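Chains, contacts and geometry: an overview
The lines below spell out each chain.
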Amino acid sequence: MNAVSTPLEPSRLERAQRQSEVVAALSQVLPAHALLWHQEDTTPYECDGLTAYRERPLVVALPETAEQVRAVLQACHGLGVPVVARGAGTGLSGGAMPHRMGVTLSLAKFNRILQIDPLARTATVQCGVRNLAISEAAAPYGLYYAPDPSSQIACTIGGNVAENSGGVHCLKYGLTVHNVLKVKGFTMTGEDVEFGSAALDAPGYDLLSVVIGSEGMLAVTTEVTVKLVPKPQLARCIMASFDDVRKAGEAVAAVIAAGIIPAGLEMMDGPMTTAVEDFVHAGYDLSAAAILLCESDGTPEEVAEEIERMSAVLRQAGATAIAVSRDEAQRLRFWSGRKNAFPASGRISPDYMCMDSTIPRKRLADILLAIAEMEKRYALKCLNVFHAGDGNLHPLILFDANDADQLRRCELFGAEILETSVAMGGTVTGEHGVGIEKLNSMCVQFSAEENEQMFGIKRAFDPQGLLNPGKVIPTLNRCAEYGKMLVRAGQIKHPDLPRF
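Scanning the model with the defined rule gives one disulfide in all. With its sulfur 2.1 Å from that of its partner, Cys443 forms a disulfide with Cys479. Across the S-S bond linking Cys443 and Cys479, the dihedral sits near -85°, which makes this disulfide left-handed. On the criterion of sequence distance, the pair formed by Cys443 in helix α15 (residues 442–445) and Cys479 in helix α17 (residues 476–489) is long-range, its members being 36 residues apart. Comparing Cys443 with Cys479 shows no difference in burial state: the two are buried. Cysteine Cys127 shares no disulfide, and the gap to the nearest cysteine sulfur, in Cys155, comes to 13 Å.

Next comes the structure, spelled out in structure tokens:
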């Protein structure tokens, strides 16, 4: 996906000179312990969860106060130095991969929960607070924060805002954008900015929705106010088995068509359930070609009725077996298996690349069958897990990054999944962001004019293009180079799509 020409790299001497200049400037605004530039200190920051691509930053800054963040940005702006903001580094699209001639701005020390307001049902937290920590802090009030990415034990709310993260319960409770009221931070020039408000709406343009999901390209987030929701009285989960992936995909559409909005609706294919069961022992049906996890939450009466309705729809759709969680422990085991899909895959392969496209729900079976054909052509295995309720795919392509040919085939495999998703009426990303991973695939989905409009928004916030440059929006030159590469590789499958 990223095998395209790049600008001439700076020499080692040029890099060393620039590093000395940046260290000298930042030493004026940060204490010595908050500034890293030696190789052994900066190497841990060379990638995020997309480990196939790595780059050591020029300098890593670890500010502890908002004023220090402002000062770092002002210093870098004055020098014309790129800045890449970083949270916990759990992102899967390379959005936090460093810039070779830039500063990685680590916000890990912004980890305080500032206020829990049980009456307003809100929490105000610093950007480095872990997703799960918000729910833990709100638990004494019978509240929690609904978006629950699989990495919620480690990922930060600032990173969630950058990627517009979702989770297994996003079908009913929404993505990050539906659960955030206000974001505070700084522009590249160090100017204070605030998006949204504590009220239901804010005056002017809805810039909150622009910033959420902007992948650190518009502003650096330092503080977030989120909505909290009451913990349901009861939750139960159905595990439905299917002997055919098409039946499982059609069952997803049937549940939604019946007017049911489950708290969670997830799908895993047979190879994925095998990998997960060996790791977590969640009690999954290993004889199934695919399983669905369908959760209901609410009052006991509501849950009982919805479980009965969903079970009837699933049986009619061809489920070969249905198991309903007996108690909270079994429900958590069912979800533990789903949330450990990524580490389970890591146990059986040196590396994996997790894709993140979306398609209409009715095309779930079609994309699975298409991926099965791609496995044969690229000679690589792919395990599949979906946020089935909203059509968000997470195919995990297994490969060995030490084998250059496997990496090349993996890139082409992933690019074809994304292109096929767009051809089926979907998009190249759902919740993991574009970063560097899907940068070329943006050429497939969007025309040159559409990409230029996105650059226009970027320039409005960051005229010099110093915040997370080279990510998310492809240039015309990059799209042209990528198009030539696909032609050479015979990979243009859908010539009617906007591109190049």
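On to the packing of aromatic side chains, then. Aromatic ring pairs are defined here through the distance separating the ring centres and the angle between the ring planes. Within the structure shown, the criterion is met by four aromatic pairs. Residues Phe342 and Tyr352 carry aromatic rings whose centres are separated by 6.2 Å and whose planes lie at 50° to one another, so their mutual orientation is tilted. Pair noted here: Phe342 is in helix α12 (residues 341–348) and Tyr352 is in strand β16 (residues 351–354), with a separation of 10 residues, a long-range link. Judged by centre distance (5.2 Å) and plane angle (20°), the rings of Tyr378 and Phe413 are stacked. One end of the pair, Tyr378, is in helix α13 (residues 364–378); the other, Phe413, is in helix α14 (residues 404–423), and 35 residues separate them in sequence. For the pair formed by Tyr378 and Phe413, the shared burial category is buried.

On average, residues of the chain carry a pLDDT of 94, and 96% of them reach 70 or more. For residues 1–6, every residue scores under 50 in pLDDT, and the model assigns this stretch 22 contacts once sequence neighbours within four places are set aside.

Of the two faces of strand β4 (residues 103–106), the one holding Val103 and Leu105 and the one holding Thr104 and Ser106 are both buried throughout. Looking at chain direction, strand β2 (residues 59–61) and β4 are connected through three bridges and run parallel. Its bridge partner being in β4, Val60 is matched across the sheet by Thr104. Where strand β3 (residues 83–86) meets β4, four bridges bridge the pair, whose relative direction is parallel.

Enumeration over the complete set of coordinates arrives at 25 salt bridges. One salt bridge in this structure joins Asp405 and Arg409, with 2.9 Å as the shortest N-O distance. Remark: Arg409 and Asp405 occur in helix α14; sequence separation between them is four residues, near one turn of the helix. Given a relative accessible area of 34%, Asp405 falls into the partly exposed group. A residue is classified by how much of its surface remains accessible, and Arg409, at 17% relative accessible area, is buried. One network of salt bridges, with partners in common, ties together Glu67, Arg70 and Asp192.

Of all hydrophobic cores here, the largest spans 88 residues; its most connected members are Ile134, Val180, Val226, Leu228, Leu292, Leu314 and Phe413. The greatest single-element share of this core, amounting to eight residues, is contributed by α14. Ignoring any residue separated from it by four or fewer positions in sequence, one finds Ile134 in contact with Ala123, Val125, Val129, Tyr145, Ile157, Val226 and Leu228. With 31 residues, the next largest nonpolar core counts Leu26, Leu58, Cys76 and Leu107 among its residues.

Read from one edge to the other, the open sheet built from five strands follows the order β5-β6-β10-β8-β9, with strand pairing classed as antiparallel. Two strands in the sheet have a free side with no partner beyond their single neighbour: β5 (113–117) and β9 (192–196). If you compare each strand with its neighbour and ignore which way they point, the axes differ by 10° on average. In this structure, strand β6 (residues 122–126) lies alongside strand β10 (residues 220–227), joined through five bridges in antiparallel fashion. By the bridge assignment for β10, Val125 is matched with Val224. The strands touched by helix α3 (residues 66–79) are β8 (180–186), β9 and β10; relative to β8, the strand with the most contacts, the crossing angle is about 55°. Across the sheet, helix α4 (residues 131–138) is in contact with β5, β6 and β10; its angle to β5 comes to roughly 45°.

Looking now at the sheet that holds β16. Spatially, the seven strands line up as an open sheet ordered β15-β12-β14-β13-β17-β18-β16, and their pairing is antiparallel. What marks the edges here is a single partner per strand, and that holds for β15 (321–324) and β16. Strand after strand, the sheet turns through a mean of 15° between neighbouring axes, direction not considered. Sheet topology places strand β13 (residues 264–269) next to strand β14 (residues 290–298); six bridges connect them, and they run antiparallel. In the strand pairing of β14, Met267 is matched with Leu292. Each of β13, β14, β17 (382–387) and β18 (392–399) is contacted by helix α9 (residues 270–280), which is oriented at about 95° to β13, the strand it contacts most. Together, β13, β17 and β18 form the strand contacts of α13, whose direction differs from that of β17 by roughly 165°.

A separate point is the pairing of β8. Within β8, six of the seven residues are buried, which leaves it mostly tucked inside the rest of the structure. Both β8 and β10 contribute to a ladder of six bridges, which runs antiparallel. Its bridge partner lying in β10, Phe186 is registered against Val220. Judged from the five bridges that link them, β8 and β9 form a sheet pairing that is antiparallel. Residue pairing in the sheet places Gly185 in a bridge with Val193 of β9. The hairpin turn running from β8 into β9, its antiparallel successor, is five residues long, and Gly190 in that turn takes a positive phi close to 90°.

On to the environment of Thr299. Structurally, Thr299 can be placed in the loop between β14 and α10 (300–316). A residue is classified by how much of its surface remains accessible, and Thr299, at 23% relative accessible area, is partly exposed. Sequence spacing of Thr299 and Ser151 is 148 residues, and the spatial spacing of their C-alpha atoms is 28 Å.

How each quantity is defined
- Residues numbered from 1 in each chain as written.
- Predicted model: local features only at pLDDT ≥ 70, side-chain atom pairs only at ≥ 80, totals over all residues.
- Heavy atoms only, no water.
- Disulfide = S-S within 2.5 Å.
- Helix = DSSP H or I, 4+ residues; strand = E, 2+ residues; numbered from the N terminus.
- Buried < 20%, exposed > 50% of the residue type's maximum accessible area, 1.4 Å probe, protein only.
- Phe/Tyr/Trp six-rings, centres within 6.5 Å; stacked < 30°, edge-to-face > 60°.
- pLDDT = per-residue confidence, 0-100.
- Contact = heavy atoms within 4.5 Å.
- Pairing = 2+ DSSP bridges.
- Salt bridge = Lys/Arg side-chain N within 4 Å of Asp/Glu carboxyl O.
- Core = buried A, V, L, I, M, F, W, Y, C linked by side-chain atoms within 4.5 Å.
- Axes fitted to C-alpha atoms, helices over the stretch in contact; angles between N-to-C directions.

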